[in-house]
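One letter stands for each residue in the lines below.
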Amino acid sequence: MMKKVVILGGGFAGIQAAIELKKKKNLDVTLISDRKYLYLYPISIWIPVHIKEFEDLKVQLADIQKKFPFKLNIDKVTEIHATKNKVICENNTFTYDYLIVASGADKIQHKGIENTLSLCGKPELALEIRTKLDELVKKGSGKIAIGFGGNPDDLSAVRGGPAFELMFNIHNYLTTLKIRKNFDLTFFAPMQEPGSRMGKGAFAMIGKMFSNYNIKKHFGKKIKEFVPDGIIFGDDTKLNSDFTMFIAAGKGAEFLKKSDLPLSEAGFIKIDNNCQVPGFNNVYAIGDAAAIEGYDWIAKQGHLAELMGRNAAHNISESEKGGDKRKGYKEHLSILCVMDTGNGAAFVYRGRKNSFIIPMPIVGHWMKKGWGVYSRFTKTGKL
Ligand SMILES: Cc1cc2nc3c(=O)[nH]c(=O)nc-3n(C[C@H](O)[C@H](O)[C@H](O)COP(=O)(O)OP(=O)(O)OC[C@H]3O[C@@H](n4cnc5c(N)ncnc54)[C@H](O)[C@@H]3O)c2cc1C
């Protein structure tokens, strides 16, 4: 009888694992996701500025399933009992021979966070950000604050790239509408040098862009609380804003507390280099759900999530064949980002040996658009 692999999560990590496992043809693969579609997060920066529609970012899991026929269950996982090879969901209970946890991360809940919107939360929030921006555009003026936070328990759980991209896109959008001069744009972050994980060159370039675009910087102050009309910092000073977009750092998903898997300080699932969970030779954790280790600049990213998905599929397949070849993630750690500005982009790379940034006016924007199409076509097997 075919061995049964259960994958939790239909994001970049889970989908990649499902696709690779189905290519191997000798395993029974079930994917459980609480969402019916894969959401192309990296291009969600364009929803608020009307470059893309919400529907453009959805890749229906059923369309991926047509080409790579895994079993699909739309359900919410609530508990994992790895010692019993069992996963409990709201509507069903599943058993497995192998488990791959790819359910992403939760966000740190700052005081007053309900007064902000995040591009990195539920996909629908991108539409709410658009509505807020539309209201300010209609009014003709306003103060917009955009920022991101860190998690001291796991520095890799930070997500600053989309905050920079959204800020540059909003600047470009307001400029195109010829109302930029009526808007006060401020970028805020509790760290002294936000963006420096991408490398010194990237940090310097972002600084230059802030000056050129007249975007104010508010760095190095701890966030105390978000209020309806701004942000209060640790020293009780206030940054006024009509609209605040804030990307809180990630933390382990709440439901993992109802599991017997080993968790890091920040609540992510502990893994070894092969994405295998210590103590369980049939359980893997990949993507944002896993506690990654390596360099002090690493960050949880989509390309790493896909690599981990491929590796987990390969390692399970090898284990089934009785082989001893395993693929690790650590030697591939890098930061890769096409940082979009709405009318151009910069290619940012940081690896073990070097880091660089290549400005790509105009063409970079189209490259990122091309990535969206490429991603959809590869996932649905059309490329
Ligand atoms: C706005 C934005 C821009 C980004 N830009 C880039 C970029 O340019 N380059 C890059 O490399 N990375 C980028 N990233 C990061 C990248 O998107 C993430 O690293 C990637 O999505 C992680 O994939 P994942 O599959 O691990 O998690 P997720 O994409 O979060 O997927 C998790 C999946 O699990 C499901 N799920 C969660 N909980 C449950 C549950 N209890 N039961 C059932 N299903 C569940 C979710 O519905 C989802 O389908 C960006 C992220 C954001 C938010």
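Computed from a predicted structure; not experimentally measured.

A separate point is the overall build of the protein. The number of helices and strands found in the protein is seven helices and 24 strands. Radius of gyration (C-alpha) of the protein: 21 Å, near the 21 Å computed for a compact globule of 383 residues. For the C-alpha atoms alone, the extent of the protein along its principal axes is close to 65 × 45 × 45 Å. Taking all 383 residues of the protein together, the buried fraction comes to 54%. A sequence separation of at least 24 residues applies to 64% of the contacts in the protein between residues at least 6 apart. Of the roughly 17100 Å² of accessible surface on the protein, a fraction of 51% belongs to carbon and sulfur atoms. Computed over 56 positive and 40 negative side-chain charges, the separation of the two mean positions in the protein equals 4 Å.

To continue, consider the site of the ligand. If you check the shell around the ligand, you find 30 residues, and the closest are Ala13, Asp34, Val77, Asp288 and Gly302. Note that a nitrogen atom of the ligand is positioned 2.8 Å from one of the backbone N or O atoms of Val77. In this structure, Asp288 approaches the ligand through a main-chain N or O atom, which is 2.9 Å from an oxygen atom. Burial of the ligand by the protein amounts to 91% of the accessible area it has alone, namely 1000 Å². Every element with two or more residues in the shell around the ligand is listed here: helix H1 (12-24) and helix H6 (302-321).

Let's shift gears to the domain arrangement of the protein. Taken domain by domain, the protein consists of domain 1 (3-105 + 252-332) and domain 2 (109-249). Each of domain 1 and domain 2 has a C-alpha centre, and the two are 30 Å apart. With 26 residues of domain 1 in contact, the opposing surface of domain 2 contributes 25 residues. Here domain 1 meets domain 2 over a buried area of about 2100 Å², counting both sides, of which 57% is carbon and sulfur. Counting the surface domain 1 buries against domain 2, the share from its top three residues, Ile45, Pro48 and Val49, is 28%. Viewed at the interface, domain 2 and domain 1 are joined by two salt bridges.

Burial along strand S15 (residues 230-233) is two-sided: Gly230 and Ile232 facing one way and Ile231 and Phe233 facing the other are all buried. Bridge analysis of strand S14 (residues 223-227) against S15 gives four bridges, and the strand direction is antiparallel. Paired with Phe226 across the strands is Ile231, a residue of S15. Linking S14 to S15, which pair antiparallel, is a turn of two residues. Of the strand pairs in this sheet, S15 and strand S16 (residues 238-240) are connected by three bridges, and their pairing is antiparallel. Counted as the bridge partner of Gly230 is Asn240 from S16. Where S15 hands over to S16, the hairpin turn is made up of four residues, of which Asp236 adopts a positive phi near 65°.

Moving on to a nonpolar patch on the surface. A cluster of nonpolar side chains, namely Val373, Tyr374, Phe377 and Leu383, defines an oily patch on the protein surface of about 420 Å² accessible area. Within the element layout of this structure, Tyr374 appears in helix H7 (residues 363-379).

So, on to the packing of aromatic side chains. In the structure shown here, the tally under the stated rule is 20 aromatic pairs. Seen from their ring centres, Phe347 and Phe356 are 6.2 Å apart, and the 35° between their planes marks the pair as tilted. Aromatic ring contacts, followed pair by pair, group Phe148, Phe164, Phe168, Phe187, Phe210, Tyr213 and Phe219 into a single cluster. The residue whose ring lies beneath Lys58 is Tyr37, and the NZ or CZ to ring-centre distance is 4.8 Å.

The topology assignment puts Asn282 in the loop between strand S19 (269-270) and strand S20 (283-285). Looking at Asn282, its side chain comes within polar contact range of the main-chain oxygen of Asp97, at 3.0 Å.

Our next topic: the environment of Ala145. Note on placement: Ala145 falls in strand S11 (residues 142-148). Look at Ala145 and you get buried, because its relative accessible area is 1%. Put simply, Ala145 and Gly230 are 85 residues apart on the chain and 8.0 Å apart in space, counted from C-alpha to C-alpha.

Right, let's get into the nonpolar core. Ranked by internal contacts, the top residues of the largest apolar core, which has 108 residues, are Ile80 and Ile100. A total of eight residues in this core trace back to one element, the largest contributor, which is helix H4 (residues 161-176). Viewed by domain, this core spans two of them, domain 1 (3-105 + 252-332) and domain 2 (109-249), each represented by three or more residues. Non-local contacts of Ile100, meaning those with residues more than four positions away in its chain, are made with Val5, Val6, Ile7, Leu8, Ala17, Leu21, Tyr284, Ile286, Ala312 and Ile316. With ten residues, the next largest nonpolar core counts Ile223, Phe233, Leu239 and Phe246 among its residues.

Counting through the fold element by element, Ser334 comes out in the loop between H6 and strand S22 (335-340). Apart from the residues lying within four places of it in its own chain, the contact partners of Ser334 are Trp297, Gln301, His303, Tyr349, Arg350 and Gly351.

With that settled, the discussion passes to the sheet that holds strand S1 (residues 3-8). Paired through backbone hydrogen bonds, the strands of a sheet run either parallel or antiparallel to each other. Strand order in the open sheet made by the five strands is S5-S2-S1-S9-S20, with parallel pairing throughout. Looking at which strands have only one partner, the edges of the open sheet turn out to be strand S5 (71-74) and S20. Across this sheet, the average inter-strand angle for adjacent strands is 15°, counted without regard to direction. In this sheet, S5 lies alongside strand S2 (residues 27-33) in parallel orientation, the contact comprising four bridges. Within S5, the residue paired with Leu31 across the bridge is Leu72. Across the face of the sheet, H1 comes into contact with S1, S2 and strand S9 (98-101) while running at roughly 160° to S2.

Cut-off values and rules
Residues numbered from 1 in each chain as written. Predicted model: local features only at pLDDT ≥ 70, side-chain atom pairs only at ≥ 80, totals over all residues. Heavy atoms only, no water. Helix = DSSP H or I, 4+ residues; strand = E, 2+ residues; numbered from the N terminus. Rg over C-alpha atoms; globule rule 2.2 N^0.38 Å. Buried < 20%, exposed > 50% of the residue type's maximum accessible area, 1.4 Å probe, protein only. Contact = heavy atoms within 4.5 Å. Areas by Shrake-Rupley, 256 points an atom, 1.4 Å probe, with all protein chains shown as cover. Lys, Arg positive; Asp, Glu negative; His and termini not counted. Charge placed at Lys NZ, Arg CZ, Asp CG, Glu CD. Near = heavy atom within 4 Å. Polar contact = N/O pair within 3.5 Å; in protein donor to acceptor, adjacent residues only side chain to side chain. Domains from an automatic or database assignment. Buried area = accessible area lost by both parts, 1.4 Å probe. Salt bridge = Lys/Arg side-chain N within 4 Å of Asp/Glu carboxyl O. Pairing = 2+ DSSP bridges. Patch = residues over 30% accessible without salt bridge, like charges linked within 9 Å, V, L, I, M, F, W, Y side chains within 5 Å. Phe/Tyr/Trp six-rings, centres within 6.5 Å; stacked < 30°, edge-to-face > 60°. Lys NZ or Arg CZ within 6 Å of the ring centre and 35° of its normal. Core = buried A, V, L, I, M, F, W, Y, C linked by side-chain atoms within 4.5 Å. Axes fitted to C-alpha atoms, helices over the stretch in contact; angles between N-to-C directions.

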